[in-house]
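Next come the chains, spelled out residue by residue.
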Amino acid sequence: CSALKSIVAENNNPKYFTEDGVLFSGNGNEKTLVLYPIQKDGSVYIIPSDVVTIGKDAFKNNQHLEKIVVGENVTAIQSGAFSYTTIKSAYIPNSVTQLVDTFRSCTQLEWVVLEGNVTSISYDTFTGTNSNLVLYTKNDKLARPNAVKTFNKVSEYKCVNHLYGYFDVAPTCE
């Protein structure tokens, strides 16, 4: 549905519900963001704090978003979650440990902040992204390109002492 701006689930739907036009599933401790409408207005989206999983292709092809802040309780970002979007920057918290095909073909992606616990990144995570992509991380193992060969699409790795807020990054450490 290339014109989809909002989703509405019926109140008595046992599996799905919506919040602000975004589709979710689950309840309590197992809430999943299933689908963010492809034409939903807004350039910034902060994943709600009660979401633990971002579903496969959840944001795929959205052409309005520029910044994504993944909530502190998200532990899983499924394959292709942000692929083919116009995202320019993203914040990934400590709770996320792996990225799989996450930012494929995000041609406008300029930088990603990884808080430090990401230990596994698939080869295709940054394929087709901006050739000047910068990865900010507190994890010095990820900050060394030779240590993680899957980062072949990242142009620069910066180890930072402190990450301020979601999008203001401290000077790099040497």
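Treat the numbers as computed from the prediction; the structure is a model and nothing was measured.

(A) Structural view of the nonpolar core. By size, the foremost hydrophobic cluster in this structure holds 32 residues, and its most contacted members are Tyr45, Ile54, Phe59, Ile77, Phe82 and Ile92. Sorting the residues of this core by element identifies strand S2 (22–25), strand S5 (51–54), strand S8 (89–92) and strand S10 (111–114) as the ones contributing at least two each. Sequence-distant contacts of Phe82, that is, excluding residues within four places in its chain, are made with Ile54, Phe59, Ile68, Val70, Ile77, Ile87, Thr102, Phe103 and Cys106. In terms of nonpolar packing, the next biggest core, distinct from the first, is built from 6 residues, Tyr91, Trp111, Val134 and Tyr136 among them.

(B) Structural detail: the sheet that holds strand S1 (residues 16–19). Strand order across the open sheet formed by 5 strands is S1-S2-S3-S5-S7, with mixed pairing between neighbours. With partners counted over all chains shown, the strands left at the sheet margins are S1 and strand S7 (76–77), one partner each. Bridge analysis of S5 against S7 gives 2 bridges, and the strand direction is parallel. Looking across to S7, one finds that Thr53 is bridged to Ala76.

(C) How the structure looks around the pairing of S8. Burial along S8 is two-sided: the residues Ser89 and Tyr91 and Ala90 and Ile92 are all buried. Two strands pair when backbone bridges link them, and strand S6 (residues 67–69) and S8 are joined in this way by 3 bridges, in the parallel orientation. Bridge pairing in S8 links Ile68 to Ala90. Judged from the 4 bridges that link them, S8 and S10 form a sheet pairing that is parallel. Bridge pairing in S10 places Ile92 opposite Leu114.

(D) The arrangement of the side chain of Thr125 in detail. By secondary structure assignment, the location of Thr125 is in the loop between strand S11 (120–121) and strand S12 (134–137). Judged by relative accessible area, which is 0%, Thr125 ranks as buried. A distance of 3.2 Å separates a polar side-chain atom of Thr125 from the backbone nitrogen of Asp101. Once you skip the residues sitting within four places of it in the chain, Thr125 turns out to touch Leu99, Val100, Asp101, Thr102, Phe103 and Arg104.

(E) Molecular detail of the environment of Gly80. Looking at the secondary structure, you find Gly80 in the loop between S7 and S8. Between the alpha carbons of Gly80 and Phe59 there is a distance of 8.3 Å; along the sequence they are 21 residues apart. Sequence-distant contacts of Gly80, defined by excluding residues within four places in its chain, comprise Asp57, Lys60, Val100, Asp101 and Thr102.

(F) Structural view of the packing of aromatic side chains. If you walk through the whole model with that rule in mind, you get 7 aromatic pairs. For the pair Tyr36 and Phe59, a centre-to-centre distance of 4.9 Å together with 25° between the ring planes defines the contact as stacked. Residue Tyr36 is found in the loop between strand S3 (31–35) and strand S4 (44–46), and its partner Phe59 is found in the loop between S5 and S6; the two are separated by 23 residues along the sequence. Across this residue pair, the class does not change: Tyr36 and Phe59 are buried. Their ring planes at 35° and their centres at 5.0 Å tell us that Phe59 and Phe82 sit as a pair that is tilted. Of this pair, Phe59 sits in the loop between S5 and S6 while Phe82 is found in the loop between S7 and S8, placing the two residues 23 residues apart along the sequence. What makes Phe59 buried here is its relative accessible area of 0%.

(G) Region of interest: the side chain of Asn62. Position of Asn62 relative to the elements: it lies in the loop between S5 and S6. A polar atom in the side chain of Asn62 sits 2.9 Å from the backbone oxygen of Pro37. Looking at Asn62, its side chain comes within polar contact range of the main-chain nitrogen of His64, at 2.8 Å. Contacts of Asn62, omitting those with residues within four sequence positions, involve Tyr36, Pro37, Ile38, Gln39, Lys40, Tyr84, Thr85 and Thr86.

Quick notes on the rules
Residues numbered from 1 in each chain as written. Predicted model: local features only at pLDDT ≥ 70, side-chain atom pairs only at ≥ 80, totals over all residues. Heavy atoms only, no water. Core = buried A, V, L, I, M, F, W, Y, C linked by side-chain atoms within 4.5 Å. Buried < 20%, exposed > 50% of the residue type's maximum accessible area, 1.4 Å probe, protein only. Helix = DSSP H or I, 4+ residues; strand = E, 2+ residues; numbered from the N terminus. Contact = heavy atoms within 4.5 Å. Pairing = 2+ DSSP bridges. Polar contact = N/O pair within 3.5 Å; in protein donor to acceptor, adjacent residues only side chain to side chain. Phe/Tyr/Trp six-rings, centres within 6.5 Å; stacked < 30°, edge-to-face > 60°.

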